[in-house]
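This is what each chain is made of:
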Amino acid sequence: MKHIKTINEATLVKSVGSCVG
Amino acid sequence: MSRIHKFIKKDIPIVLDVNSGAVHVVDRLVFDILDYYPEADCGQIMDKLGGRYKTEEIEEGLEEIRELEGKGLLFSEDRYRDLAEQVTGSGVVKSLCLNVAHDCNMQCKYCFASQGHFKGTRRLMDKDIAFRAVDFLIERSGDRRVLEIDFFGGEPLMNFEVVQAVVEYGNQRAKNTGKKLRYTITTNGLLLDDSITDFINQNMYNVVLSLDGRREVNDRMRRLADGTGTYDMIVDKIRRAVDRRGDRMYFVRGTFTRCNLDFSKDVMHMADLGFKSISVEPVVEREDNYYSIREEDLEAIKQEYDRLFHEYCRRLGTPEEFEFYHFKVSLRQGPCVARRLTGCSAGNQYLAVTPEGDIYPCHQFVGDKDFIMGNVFEKKLDRGISERFKGVHVYNKENCGQCWARFYCSGGCHANSYKFFGDLNACYKVGCEMEKKRLECAIAVQVIRMLKEEQNDKTV
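Residues numbered from 1 in each chain as written. Chains lettered and ligands numbered in written order. Predicted model: local features only at pLDDT ≥ 70, side-chain atom pairs only at ≥ 80, totals over all residues. Heavy atoms only, no water.

### Digging into the overall build of chain B
Turning to step 1, where the next piece is worked out: Of the regular secondary structure elements, chain B holds 15 helices and 14 strands.
Turning to step 2, where the next piece is worked out: Judged by the C-alpha coordinates and their principal axes, chain B covers about 75 × 50 × 45 Å.
Turning to step 3, where the next piece is worked out: Residues classed as buried in chain B amount to 58% of the 460 residues present.
Turning to step 4, where the next piece is worked out: The contacts in chain B between residues at least 6 apart in sequence include a share of 69% that link residues at least 24 apart. (Helix = DSSP H or I, 4+ residues; strand = E, 2+ residues; numbered from the N terminus. Buried < 20%, exposed > 50% of the residue type's maximum accessible area, 1.4 Å probe, protein only. Contact = heavy atoms within 4.5 Å.)

Rendered as structure tokens:
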């Protein structure tokens, strides 16, 4: 792709897996 | 509901696909197209951007956006609602905050625990209650193997004998039941000596050491009962504890208030003292207090996080590099969606125990009689309170369901919502705005790291 570089894949979709990401 | 969030950091345009977790670095063309897409069609976008970009460029950008959309990496849908109570609904207890001391040798002005006693009687937990709490945790842990006990207070080192006894007893009980207990402790550092430090370093999976930063900032809030500042009493002890800790986990953690909105200087001060794991948290206090953070402070705070971000990035890859708690975010995996929806699991998997053995949803609710769930000597917990907390997740919290940050902040702190609005599902806007700013910085830090890694791989 010329205009978009994907840094990571769909981690949340794949995961469907005291006092965040 | 916005399905993407876009922002620019260090001249890098970044797009987060909220529901898939995908992160993209884009050029200005795509960044601008996304101001209008998908509501506007191709012709309308041409009208808007035709003066800045060539027609074929816009068509190219749109084609790439649609390709990623087709792969579920842009404008993906939120299909997770059914998972919201999957994690907390198991009835298992994993983690106890053990308030071994409702007393403190400091009198910090902003202390949520009312200078250690939680609006009650100053008291230390005795061994019988502490051991019973360990038994309670193991009995309630179901199939979960790794359990956590966090020594807290007040100042837990004021009851060091019980801390030692709990570790010994807990290890024995864990061995007999096939469990593994991990211990952590949060201390103001005043009572640290080499013997206590070595015990902590041998037995504690994590240690949180309280320091607010520069001397004048620390001593404005963190004082002895007679008003004496504590910086000079604790800073060398904390440095020595960290030096002796080797590569084990620790955080030097401070609190910033309205009196030091230039808190990036405090973070840098702690980094320059040699600490490599640092956090500073905003004070959470009602607005009628002179040091509380207000909505009108948000712009200055956001600018300060930007200053911290730029200095943090400058130090990446140098000997001065350090870790700032809120600039860590895992883009490669992180917790699963079910966990992200529910956050800390207070009131269910995470509970707090007082010196009397009373059980509360978490350390922040201790002292509020409306939230007593039971006692470690009783068989039953108040399921009504557990159920209330089970229903507190991003799909039930006010504003969270529409927020781009919901899978990273998990709905924020329930205690803060309750403190400000008397409603666990309310939205503490000041906290939300700060969290979103920190998340943008954290995502950008990871993007910069990953781009650097890729560049290094290419040159090898």
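Next comes the rest of the write-up.
### Notes on the pattern of salt bridges
Residue and element names in this part refer to chain B.
Turning to step 1, where the next piece is worked out: Under the criterion given, the structure shown has 32 salt bridges over all chains.
Turning to step 2, where the next piece is worked out: In this structure, Asp78 and Arg406 form a salt bridge, with 3.2 Å as the shortest nitrogen-oxygen distance. Of this pair, Asp78 sits in the loop between helix 3 (55–70) and strand 4 (95–102) while Arg406 is found in helix 13 (residues 406–409), placing the two residues 328 residues apart along the sequence.
Turning to step 3, where the next piece is worked out: Using a relative accessible area of 24% as the deciding quantity, one classes Asp78 as partly exposed.
Turning to step 4, where the next piece is worked out: Relative accessible area serves as the criterion here: at 1%, Arg406 is assigned to the buried category.
Turning to step 5, where the next piece is worked out: Between Arg314 and Glu311 there is a salt bridge; the shortest N-O distance is 2.8 Å. Here Arg314 pairs with Glu311, and both are found in helix 10 (residues 298–315), just three residues apart, close to one helical turn.
Turning to step 6, where the next piece is worked out: Taken together, the shared-partner salt bridges connect Asp272, Glu311, Arg314, Arg315 and Glu320 into one network. (Salt bridge = Lys/Arg side-chain N within 4 Å of Asp/Glu carboxyl O.)

### Some thoughts on the packing of aromatic side chains
Residues and elements named next belong to chain B.
Turning to step 1, where the next piece is worked out: All chains considered together, the criterion is met by 22 aromatic pairs over all chains.
Turning to step 2, where the next piece is worked out: A ring pair is formed by Phe112 and Phe118, whose centres lie 5.8 Å apart and whose planes are at 80 degrees; its orientation type is edge-to-face.
Turning to step 3, where the next piece is worked out: When its relative accessible area of 5% is taken as the criterion, Phe118 is described as buried.
Turning to step 4, where the next piece is worked out: The interplanar angle of 85 degrees and the centroid separation of 5.1 Å between the aromatic rings of Tyr290 and Tyr291 together place this pair among those described as edge-to-face.
Turning to step 5, where the next piece is worked out: Since its relative accessible area comes to 48%, Tyr290 is described here as partly exposed.
Turning to step 6, where the next piece is worked out: Using a relative accessible area of 4% as the deciding quantity, one classes Tyr291 as buried.
Turning to step 7, where the next piece is worked out: Ring-pair connections join several aromatic residues into one group, and the members of that group are Tyr312, Phe322, Phe324 and Phe327.
Turning to step 8, where the next piece is worked out: A cation over an aromatic ring shows up here: Lys6 above the ring of Phe31, its NZ or CZ 3.7 Å from the ring centre.
Turning to step 9, where the next piece is worked out: A cation over an aromatic ring shows up here: Lys9 above the ring of Phe309, its NZ or CZ 4.6 Å from the ring centre. (Phe/Tyr/Trp six-rings, centres within 6.5 Å; stacked < 30°, edge-to-face > 60°. Lys NZ or Arg CZ within 6 Å of the ring centre and 35° of its normal.)

### Here's the deal with the packing of helix 5 (residues 160–177) of chain B against helix 6 (residues 194–203) of chain B
All names here are of chain B.
Turning to step 1, where the next piece is worked out: In the contact formed by helix 5 and helix 6, the axes pass within 12 Å of each other and the chain directions differ by 30 degrees. Classified by the interaxial angle, the pair formed by helix 5 and helix 6 is roughly parallel. In this structure, helix 5 meets helix 6 at a crossing whose hand is left-handed. Across from Phe160, Val163, Gln164 and Val167 in helix 5, the residues of helix 6 making contact are Ile196, Phe199 and Asn203. (Axes fitted to C-alpha atoms, helices over the stretch in contact; angles between N-to-C directions. Parallel < 35°, antiparallel > 145°, perpendicular 65-115°, else oblique. Left-handed = near helix turned anticlockwise from the far one by under 90°.)

### So, the pairing of strand 2 (residues 12–17) of chain B
All names here are of chain B.
Turning to step 1, where the next piece is worked out: Where burial is concerned, most of strand 2 is hidden: six out of the six residues are buried.
Turning to step 2, where the next piece is worked out: Here strand 2 shows a buried face lined by Ile12, Ile14 and Leu16 and a second buried face lined by Pro13, Val15 and Asp17.
Turning to step 3, where the next piece is worked out: Across six bridges, the pairing between strand 1 (residues 4–9) and strand 2 is antiparallel. Of the residues in strand 2, the one forming a bridge with Lys6 is Val15.
Turning to step 4, where the next piece is worked out: Linking strand 1 back to strand 2 in an antiparallel pair, the connection comprises two residues, with Lys10 at a positive phi of about 50 degrees.
Turning to step 5, where the next piece is worked out: Bridging between strand 2 and strand 3 (residues 23–26) involves three bridges; their strand directions are antiparallel. Bridge pairing in strand 3 links Leu16 to Val23.
Turning to step 6, where the next piece is worked out: The antiparallel pairing of strand 2 with strand 3 creates a hairpin that spans five residues between the two strands, and Gly21 there sits at a positive phi of about 90 degrees. (Pairing = 2+ DSSP bridges.)

### Comments concerning the packing of helix 10 of chain B against helix 15 (residues 429–459) of chain B
Residue and element names in this part refer to chain B.
Turning to step 1, where the next piece is worked out: Packing of helix 10 against helix 15 leaves a shortest axis separation of 10 Å and a crossing angle of 20 degrees. The angle between helix 10 and helix 15 places the two elements in the roughly parallel class. Between helix 10 and helix 15 lies a crossing whose hand is right-handed. In this structure, helix 10 contributes Leu298, Ile301, Lys302, Tyr305, Asp306, Phe309, Tyr312 and Cys313 to the contact, and helix 15 contributes Val430, Glu433, Met434, Lys437, Arg438, Cys441, Ala444, Val445, Ile448 and Arg449.
Turning to step 2, where the next piece is worked out: Class assignment of the residues belonging to the contact of helix 10 with helix 15 gives a composition of 12 nonpolar, no polar and six charged. (Nonpolar A, V, L, I, M, F, W, Y, C, P; charged D, E, K, R; others polar.)

### Thoughts on the nonpolar core
Residue and element names in this part refer to chain B.
Turning to step 1, where the next piece is worked out: Phe151, Leu211, Phe275 and Ile443 are the most contacted members of the largest nonpolar core, which totals 133 residues.
Turning to step 2, where the next piece is worked out: Residue contributions to this core peak at 11 residues, all from helix 15.
Turning to step 3, where the next piece is worked out: When residues no more than four places from it in sequence are discounted, the contact partners of Phe275 are Leu211, Ile238, Arg239, Val242, Tyr250, Val252, Met270 and Phe322.
Turning to step 4, where the next piece is worked out: Formed by 24 residues, the second largest nonpolar core is a distinct cluster that contains Ile4, Val15, Tyr53 and Ile65. (Core = buried A, V, L, I, M, F, W, Y, C linked by side-chain atoms within 4.5 Å.)

### Observations regarding helix 3 of chain B
Turning to step 1, where the next piece is worked out: The first and last C-alpha atoms of helix 3 of chain B sit 23 Å apart over 16 residues, in line with the 22 Å expected at 1.5 Å per residue.
Turning to step 2, where the next piece is worked out: For helix 3 of chain B, the set of buried residues is Ile58(B), Gly61(B), Leu62(B), Glu64(B), Ile65(B) and Leu68(B). Seen along its axis, helix 3 of chain B keeps its buried residues to an arc of 160 degrees; they face one direction. Exposed side of helix 3 of chain B, more than 90 degrees from the buried face: Glu56(B), Glu63(B) and Gly70(B) are the residues found there.
Turning to step 3, where the next piece is worked out: Contact partners of the buried residues in helix 3 of chain B: strand 1 (4–8) of chain A together with strand 3, helix 1 (28–33) and helix 2 (42–49) of chain B.
Turning to step 4, where the next piece is worked out: Looking at the residues trailing helix 3 of chain B, positive phi occurs at Gly72(B), about 80 degrees. (Expected span 1.5 Å × (residues − 1). Arc of directions from axis to C-beta.)

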